[in-house]
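Here's the letter readout for the chains.
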Amino acid sequence: MLYMIHGTDAPDTLDRRLAARPAHLERLQALLGEGRLILAGPCPAIDSPDPGPAGFSGSLIVAEFPSLAEAQAWADADPYVAAGVYAAVTVKPFKRVLP
């Protein structure tokens, strides 16, 4: 089943986000290689594809996992969580309708 993972950034964590980004992307690449990643990306803090020093307000990932518990465990092990980038992480079942 698909699950939506939404991480909400803590204030003033852009430097931590940038430092943890390679490890974060490595995990996403693994999901992609397994054919389980539907989409992933950050949410700019301002209305711009490159927010510069304004940074990001969070991230959205939609991926396939065997269960909600496994999706939650994967999200809890994210390098952004370990680095203190995310203040909160929400994991919910997701039903794809389009495309």
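The structure we're discussing is the one just above.
Every chain is numbered independently, its residues counted from 1 as its sequence is written. Given that this is a predicted model, residues contribute local features only at a pLDDT of at least 70 and side-chain atom pairs are listed and counted only at 80 or more, while totals for whole chains, interfaces and linings are drawn from all residues. To obtain the side-chain values, all non-hydrogen atoms of the structure were used and water was disregarded.

### Digging into the pattern of salt bridges
We apply this condition: Here, a salt bridge means any Lys or Arg side-chain nitrogen found within 4 Å of an Asp or Glu carboxyl oxygen. Exposure categories follow from relative accessible area, calculated using a 1.4 Å probe and restricted to protein chains: below 20% of the type maximum is buried, above 50% is exposed, and the middle band is partly exposed.
In the structure shown here, the tally under the stated rule is three salt bridges. D9 is the salt-bridge partner of R17, the closest N and O atoms lying 2.9 Å from each other. Judged by its relative accessible area of 5%, R17 is buried. Of the residues examined, D9 reaches a relative accessible area of 12% and is grouped as buried.

### As for helix α2 (residues 68-76)
Worth spelling out the cut-off: Only DSSP runs of H or I reaching four residues or more are called helices, and only runs of E reaching two or more are called strands; each is numbered from the N terminus. Taken from the helix axis, the directions to the C-beta atoms give the arc we talk about. The contact rule is simple, with two residues in contact once any of their heavy atoms fall within 4.5 Å.
Those residues of α2 not exposed but buried are A71, W74 and A75. End-on, the buried residues of α2 take up no more than an arc of 100°, which puts them together on one face. Residues of α2 that are buried in the fold lie against β1 (2-9), α1 (14-33), β3 (56-64), α3 (79-82) and β4 (86-94).

### Comments concerning the pairing of β1
Keep this limit in mind: Note: two strands are recorded as paired if DSSP finds a minimum of 2 bridges between them.
Across the eight residues that make up β1, a large majority, six, are buried. In the sheet, β1 pairs with β4 via eight bridges, with the strands oriented antiparallel. Of the residues in β4, the one forming a bridge with M4 is K92.

Any link to function would need more than the numbers given here.
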